[in-house]
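# Coordinate inspection notes
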Amino acid sequence: DRLPYIGEFFVRVKPEGRLRLNPPTSGPTDTVSPTLTGGFGPSLLFLRLLSAEDGPPEPDPIFNELDTITLVFTAPTNRAGYPPEGNLTKQDVDHLIVFSDEIGADYKAQWANSSALVITVLDVYAPPTLYWCEPRVACVHEKCALCEGHLSRTPCVIQLSDSTLAYQLMNEGEAGCMHCPSPGVVDTIIDQWGKSSDTYPNTTGCPDCPTPLFNYMNRGLCQWSDNGGYRPPEIGKLQATIRTEAGLREVPSVLDPTNGIDKSGALQKPYLVDGFGYSPIKITSLVAADPDSGDSVFGNGDTITVRFSEDTNRANLPETNMTKALIDSLLVFSQSLGTNYEGIWVSRSELRITVLNSKDHQQPLMQQFFVTTRKEAGLRNFPAVSVATVVSGTDAGITYLDGEFGPSAIFIRYFRASSPEARSDVYNVGAAFSIQFSETTNRGGLPQTGVTKAQLDNLLGFSSDLRGDPHPLGLDYEGTWEDDDKRLVVRVTAVDPAEPKGPPPLSGGNFRVAIKASGDLRNVPPTSARTVIDDDSRAAKGVGGAQYLGMDCDCCRTCGTGCAVCGIYACDIPFGGTEEVCSSCCAGYAGEKDTCCRILSGNYGLLIYVMKVSPERIATSGKEELTIFGHGFDGIVSYNRVFVGGVECPIFDLNIDYSTKDGVAKCRMPAGVGPDVKYVTLHVSDGFSPEPVIGFCCVQRDEFGYVPPEPNYEGASGVMFLPPSVTSLTPTALSFEKGRLLTVYGRNFGPPTLYDAKTRYVGPVGGFPREKYTPPEAVVVLPGGAHVACLKTLHVSDSQVVCVTPDIPAASARVVLRGVGQQSAADVSEAVLSVRAAPRYATLCLSKREDPPACAECCEAECEEQFG
C-alpha cells in the first residue's frame, strides 16, 4: 500500500527475467535502478512565512551575529535530503535558497522541524556586490579597438586592473563607436548580466568609471563594486525563493520539487516580517507651528511635526503627498485634527503634518496632545531590521505637543499700582500691582492664589529708566489671579527701606513689567506661542502674518481714535495730545481700539482733595463751566469724576502736574437752584477697585495733608446757585381783574427738567432737604407790601414763566420770582407792572361777578391808603 515516493522508489531487474544485452551474449541482468526523480504533479509545498528574530546574548535593535531568519513551509518537507540534526553550511543554504538580498557574509542553518528551517547569521558583513550605473563621461573612440570582434548586441566586457567596463556596439557587422545604447537596450544588457533593472539609471552614489570611456553621446554603462559592507536584510523587503534543483518536497514526496511560490496566487510570496531586535525609535518632539503666523489658535494651514529619535523606514509610506488615510494608518492622535490633513517626510526622522480642514477638531493642546504609532504600520529603524514601533514618546514618558499654532495674541491692557490706604500715598506693605491682560490666560500653569515670589519672577520681569533692569518690586510679594485669569494682582508683603533702587516709581521713571518666555503664558486653551513682551518684543497680537510688528506697549496708545496715557513721558496727556502722537505705536492696527500699556500707572494710595472751585456762585442753566483745582487726579480721564450736590459734573478737560499730582479739571455744571451750598466732591478710581476714593471741597490740612471729610464736615464747601432775577414782563400793563396771562422773563429760574412729572426736584442738593426744593413761583407785590401769588405759574424755561394773575387792586404792582430759600429783587424797574381800571373804593369791589367779592374784606380807609 505504499506509494512510489520520489527519492525512495526504485526498480530491480531480476536475473530470472533473463534480461540480457542484444545480441544476447551476456548473462541475465541483476541490477537496481536509481531512486525515482521528477514528480507526479506540481508541488503543493509553499513558503508561508519568513520571520526575523533577535539572537543572543543581549537584546539589541540591529541586525547582528546570531540573529536568525526562519523559513516556515506550509507542510512537512523532506528537508531536501539534509539530516534533521545536522547543520547546513552557507554553501548548503545557498544551494537550497536564493534570497532577494544579502543576509550576511556567513551563516548556517538547522531544521527546527520538518517544516521550519532556522538560519543563524555568523557574519553580518556582506561580500562585495557589483552594481550597474550610468556614468556622465564622454566617449573616447580609440578604446573601440578593445571590443574589436564583438559586433553583436551582446556586451563587450573589458577587464582592466581595477574595474570592469561593459560596452554595447550598436553597428552589427561593423567595428566602431557610432551609436550609444538606448535605455531599453541598456535594461536588456543589465538583465543579461543578472542584475535587476531597478538599479538603473540611478546615478546617486555612482563613482566615476575609470576613463576613458567611448560614449560620444555622454551615455554608457559602468559596473562597480561597493566592496561589501553592512547591508542588513530589511523587514518588509527581503524575500526568498527555493531552488528546485535542491529537491525540496513535501512528505511523503510524490510531487515536483518546490520553488516555494504558490503560482495560483492564493498564497502570496512572503516578505521578511517581525524583526532582528527591539525598535530603538522614540518620539523626541512633537512641535506645532503656524507657518504664516496668521492667528494664535489651531486651524487650517497649521502644522504638527513629529520628530523621531533616528532614521526610519518611513513605514514604507510615500515621501510626499501622504493623504489623511495614510497618516491615520501610521499614527493615532489623542485628539482629532479635523476632517482632512496631509503629510510629507522632511527626512527619514521627521514627519510634517499640515491641516487642510480643521472642522470638528478636538483642540490639540500644548502639553496635552500626543501621538502613538500603530504596530500594523510597520514603522522601523533604517535599514528596517527592528520590530514594528509602538511608541508615544521616550523612555522618560509621553512626548506632548510643544511649540505653537501662531504667535500669542495676549497683550497688557494696563499695569497699575494701588493701595487700600486712602490716607497715604506712600509705597509700603500692602501695595498692589495689577497686570490686566487682554484675554483669559492659562496662568502660565501657576496656582490661582498664593503664587510665590519665585514663581512670579519666573513669569515677570521689572525694570525702570531710573534704576535699570532689574528694579525690584519689593522684598517679597505674592500673587492672585482674578477676572477669569485675565488679571494678575501682585501684593507686596515685605519691603526693604534700604533698597538702593527705591520703590517702583509712578512717574518719571517708566517702571515697566515684562512677560518672560520661561513663564509659559499662553491663551486658553493653550494653542499659541509663549507670550513674550519686553524691551525687544512687542505684543504680537497674533494677526497679520509673520511680518506683523504688533503693538508697542511702551508708549501712549489707544489705536484708532484719541489717546490714553500709558508712558506719561512717551506721550502727551489726553487733552494736550494729538492722534499723531499715538499713530506710530499702532502700526498695523487700523481701527483697533485696544490699549496696550506695560508702564506702571496708578498710585500707592489715593489721597484726594479739592482745593477750590471757580466760580463759587454759578448760573442755574446747566451750561456753565466749573473749574476744579484739586490733588490726586488720575492720568486717565475716565477714572476721575466730579459731583456737585450729588449730581455729576462731566469733565471735558484735565491738566495734571505729575510732579506734584495737582491738577485742574473743567466740567459742565449740572442745572440746579438754591442758595444753599452744594458740596463739590472729586471721585477718583484706580481702575479696578470696587469703590472710588472721594475728596471734598475745600478742607484744611491735618498731619496727613488734606483729608476727605464726611458729607456734613464743617469745613466742606462747594458751589451756590445764583438767585433768580426778572428782566422784563410781557405785557407791562394789564387789567386788574384776575385770570390774565403775564409772561415773566429773567435769569436763573432753573430749567423745567429739574422737576419730574410729580414736581419732585432731581437737581443738586445742599443744605436743604430735597423735598424743600419746589418749582419757581411768580408773586405779585402790592404797593402796601402784600405778596399775592399768581393763581398758577407755568414753568417754561430757565428764563421764562407764565403767571395767571390774581385780582390786583392797585394802580401798579411789582412781580418777583420766588424759589427755594430766595426770590428775585422787587425794587428793579424791570419788575414793575401797570394796572388798568383799578377800583378806588371797597364798595366798588362789591361785584356780583363773584362770591365772595374780591375786596369784601377791605375797609374804605384801607382802600384809600392802598390806592393813594
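Look up: the structure comes first, before these words.
The sections below set out a description of the structure shown in this document. (Residues numbered from 1 in each chain as written. Predicted model: local features only at pLDDT ≥ 70, side-chain atom pairs only at ≥ 80, totals over all residues. Heavy atoms only, no water.)

## Here we look at the overall build of the protein chain
Tallying secondary structure elements over the protein chain gives seven helices and 53 strands in all. Here the contacts in the protein chain between residues at least 6 apart in sequence split such that 68% fall between residues at least 24 apart. (Helix = DSSP H or I, 4+ residues; strand = E, 2+ residues; numbered from the N terminus. Contact = heavy atoms within 4.5 Å.)

## Overview of unusual backbone geometry
Cis geometry is found at the peptide bond from valine 524 to proline 525, where omega equals -5 degrees. By the element assignment, proline 525 lies in the loop between β30 (512-515) and α5 (579-583). Here the amide bond leading from threonine 730 into proline 731 is cis, since omega sits at -5 degrees, within 30 degrees of zero. Among the structural elements, proline 731 can be located in the loop between β44 (725-730) and β45 (733-735). In the Ramachandran plot, aspartate 520 falls in the positive-phi region, its phi being about 55 degrees despite a non-glycine side chain. With respect to the element layout, aspartate 520 can be found in the loop between β30 and α5.

## Quick word on the side chain of glutamine 436
Tracing the backbone shows glutamine 436 in strand β26 (residues 432-437). The class for glutamine 436 is buried, based on a relative accessible area of 7%. Only 3.0 Å separates the side chain of glutamine 436 from the side chain of aspartate 483, close enough to count as a polar contact. Every residue in contact with glutamine 436, bar those within four places of it in the chain, is listed here: Phe411, Ile412, Arg413, Tyr414, Asp483, Lys486 and Arg487. (Buried < 20%, exposed > 50% of the residue type's maximum accessible area, 1.4 Å probe, protein only. Polar contact = N/O pair within 3.5 Å; in protein donor to acceptor, adjacent residues only side chain to side chain.)

## What about the nonpolar core?
In terms of nonpolar packing, the biggest core is built from 33 residues, with Leu71, Leu96, Ile97, Phe99 and Ile119 touching the most fellow members. Of all elements in the fold, only β3 (47-53), β4 (68-73), α1 (90-96), β5 (97-99), β6 (106-113), β7 (116-123) and β14 (240-242) reach the threshold of two or more residues within this core. Excluding anything up to four places from it in sequence, phenylalanine 99 contacts Leu71, Val93, Ile119, Leu238, Gln239 and Ala240. Ranked by size, the runner-up nonpolar core spans 29 residues in total, among them Ala288, Val306, Met322 and Leu401. (Core = buried A, V, L, I, M, F, W, Y, C linked by side-chain atoms within 4.5 Å.)

## Observations concerning the pairing of strand β28 (residues 476-482)
Residues Tyr477, Gly479 and Trp481 line the buried face of β28, whereas the alternating positions Asp476, Glu478, Thr480 and Glu482 sit on a face that is not buried. Sheet topology note: the β28/strand β29 (residues 487-494) ladder contains seven bridges and is antiparallel. Each residue of the ladder has a partner; that of aspartate 476, found in β29, is alanine 494. Between β28 and β29, which pair antiparallel one after the other, the connecting turn spans four residues, and aspartate 483 there sits at a positive phi close to 55 degrees. (Pairing = 2+ DSSP bridges.)

## Overview of the sheet that holds strand β34 (residues 625-631)
As a general point, the strands of a sheet are linked pairwise by backbone hydrogen bonds and lie either parallel or antiparallel. With antiparallel pairing, the four strands of this open sheet are ordered in space as β32-β34-β38-β37. On the outer flanks of this sheet lie β32 (609-614) and β37 (651-657), each paired with one strand and no other. The mean angle between the axes of side-by-side strands here comes to 20 degrees, regardless of whether they run parallel or antiparallel. By the bridge criterion, six bridges tie β37 to strand β38 (residues 662-668) in an arrangement that is antiparallel. In the strand pairing of β38, leucine 654 is matched with alanine 665. (Axes fitted to C-alpha atoms, helices over the stretch in contact; angles between N-to-C directions.)

## Focus on empty space enclosed by the protein
Within the structure shown, the criterion is met by two cavities of 30 Å³ or more. As a volume, the second largest cavity reaches approximately 90 Å³. The wall of the second largest cavity is formed by 15 residues, among which Val673, Asn748, Phe749, Gly819 and Val820 lie closest to the centre. When residues in the lining of the second largest cavity are grouped by element, the largest group, three residues, is from strand β51 (residues 812-819). Class assignment of the residues belonging to the lining of the second largest cavity gives a composition of nine nonpolar, five polar and one charged. (1 Å grid on protein atoms, 1.4 Å probe; cavity = no way out; pocket = protein on both sides within 12 Å on 5 of 7 lines; lining within 4 Å. Points joined across faces, edges and corners; volume = space filled by probe spheres on them. Nonpolar A, V, L, I, M, F, W, Y, C, P; charged D, E, K, R; others polar.)

## As for the pairing of β7
Where β4 and β7 come together, five bridges link them in antiparallel fashion. In the sheet register, threonine 68 faces β7, and the bridge partner there is threonine 120. For β6 and β7, the ladder comprises seven bridges, and the chain directions are antiparallel. If you follow alanine 109 over to β7, its bridge partner there is isoleucine 119.

## What about the state of the cysteines?
One pass over the structure, following the stated rule, counts two disulfides. What pairs with cysteine 649 in a disulfide is cysteine 667, and their sulfur atoms sit 2.0 Å apart. One quick way to see it: the torsion about the S-S bond of cysteine 649 and cysteine 667 is about 90 degrees, and its sign makes the bridge right-handed. Pair noted here: cysteine 649 is in strand β36 (residues 647-649) and cysteine 667 is in strand β38, with a separation of 18 residues, a long-range link. (Disulfide = S-S within 2.5 Å.)

## Notes on the environment of phenylalanine 276
Of note, phenylalanine 276 is situated in the loop between β15 (272-274) and β16 (283-289). Using a relative accessible area of 0% as the deciding quantity, one classes phenylalanine 276 as buried. Between the C-alpha atoms of phenylalanine 276 and serine 386, which are 110 residues apart in sequence, the distance is 5.3 Å.

## So, the pattern of salt bridges
Tallying each qualifying case throughout the model produces 25 salt bridges. Residue glutamate 234 is joined to lysine 237 by a salt bridge in which the shortest nitrogen-to-oxygen separation is 3.9 Å. Lysine 237 sits in the partly exposed class, given a relative accessible area of 47%. Arginine 641 is the salt-bridge partner of glutamate 648, the closest N and O atoms lying 2.7 Å from each other. Judged by relative accessible area, arginine 641 falls into the partly exposed class, the value being 38%. Overlapping salt bridges bring together Asp402, Asp520, Arg522 and Arg530 as one network. (Salt bridge = Lys/Arg side-chain N within 4 Å of Asp/Glu carboxyl O.)

## Side note on the environment of glutamate 350
Looking at where glutamate 350 falls in the secondary structure, it is placed in strand β20 (residues 350-357). Under the relative-accessibility criterion, glutamate 350 is labelled buried at 15%. For the pair glutamate 350 and phenylalanine 308, spaced 42 residues apart in sequence, the C-alpha to C-alpha distance is 6.2 Å. In contact with glutamate 350, not counting residues within four places along its chain, are Thr305, Val306, Arg307, Ile344 and Trp345.

## Focus: the packing of aromatic side chains
Within a pair of aromatic rings, the relevant descriptors are the distance that separates the centres and the angle that separates the planes. Here the structure, examined in full by the defined rule, presents 18 aromatic pairs. Centroid distance tyrosine 427 to tyrosine 604: 5.3 Å. Interplanar angle 65 degrees. Geometry classified as edge-to-face. Taken as a pair, tyrosine 427 in the loop between β25 (412-418) and β26 and tyrosine 604 in the loop between β31 (600-602) and β32 lie far apart in primary sequence, 177 residues in all. One exposure class covers both tyrosine 427 and tyrosine 604, and it is buried. Clustering of aromatic rings is evident, with ring pairs tying together Phe415, Tyr427, Phe433, Phe462, Phe511 and Tyr604. Here lysine 612 stacks its cationic end above the ring of phenylalanine 629, 4.9 Å away from the centre of that ring. Above the face of the phenylalanine 652 ring, arginine 668 is positioned so that its terminal group lies 4.5 Å from the ring centre. (Phe/Tyr/Trp six-rings, centres within 6.5 Å; stacked < 30°, edge-to-face > 60°. Lys NZ or Arg CZ within 6 Å of the ring centre and 35° of its normal.)

Interpretation in functional terms is not warranted from these geometric data alone.
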